[in-house]
There are 2 protein chains.
Amino acid sequence: MKEIRVGLIGFGTVGSGLAEVLLAQQERLEKRSGLRIRLAKVADINISEMPPQFGDVALTNDAADLIGDPEIDIVVELIGGIQPAKTFVMNAIAAGKHVVTANKALLSQEGRDIFAAAARHGVEVGFEASVGGGIPVIKALREGLVANKILSIMGIMNGTANYILTRMTDEGIPFDEVLRDAQQQGFAEADPTYDVEGIDTAHKLAILMTMAYGMNITHNDIATEGISRIEPVDIEFAREFGCRIKLLAISRNHGDHVEARVHATMVPERHLLASISGAFNAIHFTGDMVGNVLLYGLGAGKMPTGSAVAADIVDIARNIATGSVGRVPPLSYLPEEISDRKITPMEELSCPYYFRISAVDKPGVLSAVSGILSQHDISIESVIQKGRKQSGPVSIVMRTHTALESSVSKALAEIDALDVVAAPTVKIRILEEDE
Amino acid sequence: MKEIRVGLIGFGTVGSGLAEVLLAQQERLEKRSGLRIRLAKVADINISEMPPQFGDVALTNDAADLIGDPEIDIVVELIGGIQPAKTFVMNAIAAGKHVVTANKALLSQEGRDIFAAAARHGVEVGFEASVGGGIPVIKALREGLVANKILSIMGIMNGTANYILTRMTDEGIPFDEVLRDAQQQGFAEADPTYDVEGIDTAHKLAILMTMAYGMNITHNDIATEGISRIEPVDIEFAREFGCRIKLLAISRNHGDHVEARVHATMVPERHLLASISGAFNAIHFTGDMVGNVLLYGLGAGKMPTGSAVAADIVDIARNIATGSVGRVPPLSYLPEEISDRKITPMEELSCPYYFRISAVDKPGVLSAVSGILSQHDISIESVIQKGRKQSGPVSIVMRTHTALESSVSKALAEIDALDVVAAPTVKIRILEEDE
């Protein structure tokens, strides 16, 4: 049986998960591929010996030693972050190794260099685990939906943010408290910025957009807002409007320009994305031929991520064995077909909006606010005024009809400048029922 | 640019859909694969000329002419049914052509012959469109989840049945009425037996089980019940129990034996499968590494099916172009690794049950019924007695704790033999919350 030798850089949570997957599934992979996939070497600066169950896997503290090992066919990078990950990946490619990575930050920022180098050296780059964890979303988009113009991408792509929003929704607890609890339980990082501010989601959306539309894009091109300003009261009002609040990645293909944004969104309860709870992810594509497709599963975690990395390894191993390296372009379009596209400026976005205005409880406030909205052509669908207390500001909550983002920005600037307005207005975009 | 020539047998709804997909996406497929995928010939006994938009596609009324055409690389069979489809497929394979089919009846019944012949002749067989329409479920199972032991398969795999149940649920209309309406609107066949009696779903489950477990199975091995006995009152009671009724395919892998069944099921509202509405399909896998994964989309229809058939064509075209035919075994395991497995007898199933007993409204009925259940070790979780009319039978509705199917069968036979019981008891299995 032909043997394919894997070298793994990074033996942290995901790296050790991959090792476990390859060990547990070795026989199954042989029965499915006719190939022996062997973890031959591990590079990690922090460990001095491999756990005994992994047998005769060589261990090094020097990634260069692994990359330079002529025995290794596929180098798996699971250390995360931009550097030294990029150097390792580029060196592996230059050494003629195929590469598998789960590193969405690296790919969304440095993907252009990496894929260009891979094309030059005729090696494969697998990155199934970079979006949607164990969900085979990259393969579905690249191969399963190959005969589609992708019209839109929408998704819940960060399990931590979705876990926090789900607990806020189910238990009515404030953001800070859920976050603290999630950190204690290991569901959130000590520095949760990437997860809760939408940056990790933007990394993933950039990867999907590149593949869906054949375009150059980095996460810096994506308008990104997080969920840290969402309060239990917003979730309560969302419920009254028949919605749940989700951190969504949204992209629509308008032909000559494409939307690219990540933000908290009110999703109608009947929409499948509203039902995605806890640490799960879901990615929703609309194709011009296939219509709506949704893929759901665990977006992170040791074994789900290991499952996706292993799938890439097997895919590349099959190409090595059949001499068909380069069979499918990694970004779904041939490199020369990937071009620049215009990103829709956020000011041109139009959708319905939710506003929560904190105002002093005086006569005439609603009239002043609605006057400003009307001047900016923003039409109110409904107003709720609740939580009238003895003193202090009250919340005026509104749902608008479809309005233009630029008008909304101007109107809210004027509203927030009113003497009677006590705090910056919270604005949440609403997904329309049929989207 | 290398050209791959496709011959299509059957120019009905799906066949013309495929032709439209290939025409609409020709340029996109070139940009993605570097190959020209050309529909070169169509065989159909019922048409005398091709619609003009398809240009210079040759037309024949004789499938043998297409199969024997040395120009054709891939033969697509879209006529459905067992014969003459099997003959065409076997002849195409014998002629060294790769085959793509959407024919789940054919594959679930004659798959063994077909895949054996394909292995012998070294050709590919693509069948993405046979399960889940446009959803890339076959590829996900075979490649995306390759590093998983599949622990369970659950799915809504028939859009017609799901459409009928959804309308019964949303509008409270009886089965017959919704079916008639669906037939008039073209959502249901004139003979709906395959769809509403679960047979089509069993075809699809047999295909997925073969691939998931590497086992020989035909739809005849699957315990199959339909939805034609479900009444609006059952849907109403399901709602009171916090459930929706769905026609589910269910298979669990117990190692030495595997469950295989298709039947109406009460699905807890919080389960994602309960949210799948209308003509949509959803397939839920549990893998030992990846955990739960769900794939959702349109399970039928001209263009979604065309999208899946086109994806198979591109996949095979890439293998032809790179000389890697046979790169992935079609049934996910190497042919020699596919073996017989024991199917769990239905009598050994255990789950909670819903019973609707039609009884004469006399004192002592509930006591007689519950006495019988207790003798068979079936414990009642809750009882609802409703619809007490002036005369005629009443419904006694029960939800049991987990019970053994063999005990349930015996108990219901005794209950139905009681003088006071007016009609056969309706039994619906309940999916447990955490499944």
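Every value quoted in this text rests on a predicted model; they were computed, and no experiment measured them. (Residues numbered from 1 in each chain as written. Chains lettered and ligands numbered in written order. Predicted model: local features only at pLDDT ≥ 70, side-chain atom pairs only at ≥ 80, totals over all residues. Heavy atoms only, no water.)

### Quick look at the overall build of chain A
Of regular secondary structure, chain A possesses 14 helices and 20 strands. Relative to the compact-globule value of 22 Å for 435 residues, chain A shows a C-alpha radius of gyration of 24 Å, a close match. Once the C-alpha set of chain A is aligned to its principal axes, its extents read approximately 80 × 45 × 35 Å. Here chain A, with 435 residues, has 60% of them falling under the buried criterion. (Helix = DSSP H or I, 4+ residues; strand = E, 2+ residues; numbered from the N terminus. Rg over C-alpha atoms; globule rule 2.2 N^0.38 Å. Buried < 20%, exposed > 50% of the residue type's maximum accessible area, 1.4 Å probe, protein only.)

### What about the domain arrangement of chain A?
Assigned domains of chain A: these are domain 1 (2-134 + 302-337), domain 2 (137-298) and domain 3 (346-430). Its C-alpha centre places domain 1 of chain A at a distance of 50 Å from the equivalent point of domain 3 of chain A. (Domains from an automatic or database assignment.)

### Structural notes on the packing of aromatic side chains
Residues and elements named next belong to chain B. For the structure shown, the criterion picks out 12 aromatic pairs over all chains. A centroid spacing of 5.4 Å and a plane angle of 70° characterise the contact between F115 and F127, whose relative ring orientation is edge-to-face. Highlighted residues: F115 in helix α5 (residues 104-121) and F127 in the loop between β6 (125-126) and α6 (137-144), separated in sequence by 12 residues. (Phe/Tyr/Trp six-rings, centres within 6.5 Å; stacked < 30°, edge-to-face > 60°.)

### As for the sheet that holds strand β2 (residues 35-43) of chain A
Residues and elements named next belong to chain A. What the 6 strands build is an open sheet, ordered β3-β2-β1-β4-β5-β6; its pairing is parallel. Each of the sheet's edge strands pairs with one partner strand only, and the pair in question is β3 (58-60) and β6 (125-126). Here strand β4 (residues 74-77) runs beside strand β5 (residues 98-101); their pairing, made up of 4 bridges, is parallel. When the bridges of β5 are listed, V75 appears paired with V99. Packed on one face of the sheet, helix α1 (residues 13-24) meets β1 (2-9), β2 and β4 and runs near 150° to β2. Sitting on the sheet, helix α12 (residues 302-322) is in contact with β1, β2, β4, β5 and β6, with an inclination near 165° to β5. (Pairing = 2+ DSSP bridges. Contact = heavy atoms within 4.5 Å. Axes fitted to C-alpha atoms, helices over the stretch in contact; angles between N-to-C directions.)

### A few points about the relation of the copies chain B and chain A
For the pair chain B and chain A, the best superposition has an RMSD of 0.0 Å and corresponds to a rotation of 180° with a translation of 0.0 Å parallel to the axis. When the rotation and shift are considered jointly, the pair of chain copies conforms to a two-fold rotation axis. Residues of chain B ranked by C-alpha distance from the rotation axis are headed by L295 of chain B, positioned 2.3 Å from it. When the interface residues of chain B are mapped onto chain A, 98% of them are again interface residues, pointing to one common binding face. (Least-squares fit on C-alpha atoms with pLDDT ≥ 70 in both.)

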